[in-house]
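Here is what each chain is made of, one letter per residue.
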Amino acid sequence: MKRLQIVFYLLLFVATPAAAQDITALQPIGSVISYARTENTISFVCSDNSQVRLTILAPDLIRVRAAFAKPIPAKDHSWAIAKDDWTTPRWNISETTGAVTVSTDEVEVVVSRSPLLIEFRDARTHQLINADERPMAHDAKGQLAGMMFDPKAGTFIAVSKKLGFDEHFYGLGEKAARLDKRRGFFVNWNSDTPGYTEGRDPIYQTIPFYLALQRGVAYGIFFDNSYRSYFDFGRSSQQRAWFGAEGGELNYYFFYGPSIKKILGRYADLTGHMPLPPMWALGNQQSRWSYYPDTMVEEVAREYRQRDLPLDAIHLDIDYMRGYRVFTFDSQRFPNPKALSDKLAGQGIKLITIVDPGVKHEPRGGGTDPRYFVFEQGLERNYFQHRSNGQLFVPRVWPGESVFVDYTLPEARRWWGDLHRVYTDNGIAGIWNDMNEPSDFVDQTGKNQLDVVSYDEGERTTHAKNRNTFALLMSRATYEGLERLRPDGRPYVITRAGYAGIQRYATMWIGDTNSTWDALALNIPMFTTLGLSGEPFVGSDVGGFIGRGNGELLVRSYQVSFLAPFCRNHKVIDGYDQEPWRFGKYYEDIIRKFLKLRYELLPFLYTTLEESHRTGVPVFRPLMLNYQDDPNTYNIDDQFMIGSNLLVAPILKPDVTRRLVYLPSGTWYDYWTNKKYAGGTMITVDAPLETVPMFVRGGAMIPTTTPQNYVGERPAAPITFNIYPDEKATAAGNLYEDDGVSPGYKRGLFRRTTVSGRRKNGGFSTSINSSEGQFNPGARQLKFAVKG
Ligand code: GLC
């Protein structure tokens, strides 16, 4: 055992990236010799034949590209980018002997000629926002090659920025870390990391986008480079925050706020807005590795209904398949999946199936009956990944020896998407994409895959470039397939891995967490961080995935997740059962209360989700997103907000029933008692297991409805606007509605109702101010309830 442990730690050590590279050893880019402009670019030629190009995309969005010792290539492609038809804003150039300045209405980019340093300033106040600490650099002499994961990947490139004394860093997607990333060092290399704990890095996803905030002013940087990349927010030096990658192009986008919400909107414009999933995706979901046979799935549904616990979906994990062959059903365990989905539909419950990228390697004559059509078709059409020597790449995953699809091939993506007919024909409502880092049991670090070549728009690039975008393209194939197969429905895809832009195709969960209090506490900064990274639809396995939980942990876990967009209880195969009733009636009753509250708050949750779709501002927010000028909020990891109005402060430790809660300035109402508080301070709140501290912002109107067993059970249920007057005795809110299932909302088939009110003559008068969109929700009662 001891030996095993040592080997394990050694492996961990090897898999952990070397400490921050010494980027001061890199070769700086040459000085500016000349420049030329086009309608929306300015390109600088440097003394070492390097080139730097600024592209003015919007008044607050500037792209920076650089090529070392060569011109910037004409080919310009990224899987992350959704928009390339920007309308060039007003901009101009001015110069002095020392610098060339590009200005838009919002931002000024000062390019010093020698050395070449870039500074971003506020165009109105000329205040410095962000400045290069040293010139952009590359590893011309191969000094860092020995430290690179794949020495053949390319040349290390880096950008170094001055680190502000009071600069805070946020975002970077899925990181097992606290909200404020200041002083942290992170690596991006999608990795299957079951049971990860705080500090484990990298984990499943790569979103090379971060936000920085200093004295209330924010900017964002999206380093669109899918190679293994590094972000150092002041770990290796107090002088700099740098980012770099082991290859590819130096290519980043600079977003100027000063508001974070504005940056998130721009980031969504650039990399894609999350489409609305079907409304039932906000319903409660239940999963297990694995429910089988079909009668057990029915049993789960029956328990939920008999116990009066709301439920919208059950997940089928890998054992529904015939020997883990994706796009098949095991004929003993699930002889008639259509009959099962129909039966469940009668109870308002949907089925979701897992689909992994590993296609069982089963050549003709593999001896099975029926033969495995997915492998045979893919092989015949040459859609699978190969090594650089032309050999088929054969990793090992659940089915044993497997193959992966080259999703960079458009026709392979189409084929994969169309294969989902097997599911849609059987009434399967959503697809869960897992293991798409891609995980390989031969070697989880990716070393076994390094010479795998992908088509990549004809460039035939290797794993070093394509690993981090593999899940993005797999989810894209899935999403687009579902769109074709059900043009009248909204696809619902869940993914584990991803790259920037993943929000266009999939929602996500944070992978194989532990059933521990530490893992629960990490939920909050991970959800808020994902929200700040362009991924609004997030959640985690409620109760934790690995290990044995207990009733108290499960209840506290629901008290975090009952307001997360993705609320799904899920458990590992050998874990102790943890459906809501498994620890007895006492805990079950509390869980019921919170699940019902989720359904009561559904109009509010859906309204907030639509806001995320439209504006890029997430549902599950850190306080600093709503209170950017309040430094007290900059590192709060144990509270969160839903939208702008609901503040939640869960208990994240065992045997604790009281905690401190920070209320930002303004008026706040205790959700349970309606007791009024003046914010701008810490308060102490009691929180026995039956409750979670929850506060509503004064000035809000929160739409709720009567709880239902599943979304859409009673479409005409009355809507109540719960009114929480502010200091001026006024309140306002809105309600978003659409059909909840079709893509019609994209064509204006929605209804946004704006309401407001004020105290008047001892009463409260409310008015429906405006109503936008062409959707007719039908007759339903609107009620108003004044709180406090
Ligand atoms: C991975 C997933 C987990 C799933 C299991 C079996 O560990 O993260 O959710 O249950 O695979 O498919």
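Here the structure is a predicted model, which means the values were calculated and not measured. (Residues numbered from 1 in each chain as written. Predicted model: local features only at pLDDT ≥ 70, side-chain atom pairs only at ≥ 80, totals over all residues. Heavy atoms only, no water.)

Caption draft 1: Fine view of helix 11 (residues 585-600). An ideal rise of 1.5 Å per residue puts 22 Å on 16 residues; helix 11 measures up with 22 Å between its terminal C-alpha atoms. Every buried residue belonging to helix 11 is among E588, I590, I591, R592, F594, L595, L597, R598 and Y599, and all of these are buried. Residues of helix 11 that are buried make contact with helix 10 (551-561), helix 12 (602-615), strand 43 (694-697) and strand 44 (700-705). (Helix = DSSP H or I, 4+ residues; strand = E, 2+ residues; numbered from the N terminus. Expected span 1.5 Å × (residues − 1). Buried < 20%, exposed > 50% of the residue type's maximum accessible area, 1.4 Å probe, protein only. Contact = heavy atoms within 4.5 Å.)

Caption draft 2: Summary view of the side chain of D541. Mapped onto the elements of the fold, D541 is located in strand 34 (residues 541-542). A polar atom in the side chain of D541 sits 3.2 Å from the side chain of W509. With residues near it in sequence (within four places) discarded, D541 still touches W509, G511, T513, R568 and H570. (Polar contact = N/O pair within 3.5 Å; in protein donor to acceptor, adjacent residues only side chain to side chain.)

Caption draft 3: Up close: the sheet that holds strand 34. Strand order in the open sheet made by the nine strands is 33-32-30-27-22-21-20-35-34, with parallel pairing throughout. Every interior strand has two partners, whereas the edge strands, strand 33 (538-539) and strand 34, have only one. Pairing between strand 27 (residues 430-433) and strand 30 (residues 493-495): three bridges, direction parallel. Each residue of the ladder has a partner; that of N433, found in strand 30, is T495. (Pairing = 2+ DSSP bridges.)

Caption draft 4: Geometry of the site of the ligand. Lining the immediate surroundings of the ligand are W289, D317, I318, I354, W398, W432, D434, R496, W509, D512, F545 and H570. Measuring from an oxygen atom of the ligand, one finds a side-chain N or O atom of D317 at 2.5 Å. R496 is positioned with one of its side-chain polar atoms (N or O) 2.8 Å from an oxygen atom of the ligand. When isolated, the ligand has an accessible area of 310 Å², and the protein chains bury 97% of it. (Near = heavy atom within 4 Å. Areas by Shrake-Rupley, 256 points an atom, 1.4 Å probe, with all protein chains shown as cover.)

Caption draft 5: Summary view of the sheet that holds strand 12 (residues 167-171). Ordered by their spatial adjacency, eight strands build an open sheet running 2-3-4-5-19-16-15-12, and the pairing between neighbours is antiparallel. This sheet does not close on itself; its edge strands, each paired only once, are strand 2 (32-37) and strand 12. Neighbour to neighbour, the strand axes of the sheet diverge by 20° on average, direction disregarded. Pairing geometry for strand 12 and strand 15 (residues 209-214), over five bridges, is antiparallel. Looking across to strand 15, one finds that F169 is bridged to A212. (Axes fitted to C-alpha atoms, helices over the stretch in contact; angles between N-to-C directions.)

Caption draft 6: The arrangement of the nonpolar core in detail. Ranked by size, the top nonpolar core spans 159 residues in total, and within it F222, W416 and L563 carry the most contacts. It is helix 9 (residues 517-531) that provides the largest number of residues to this core, a total of eight residues. In this structure, L563 is in contact with R598, L601, L605, F620, F640, I642, L646, V648 and M694, ignoring residues within four places of it in sequence. Of all hydrophobic cores here, the second largest spans 48 residues; its members include A66, A212, A241 and Y252. (Core = buried A, V, L, I, M, F, W, Y, C linked by side-chain atoms within 4.5 Å.)

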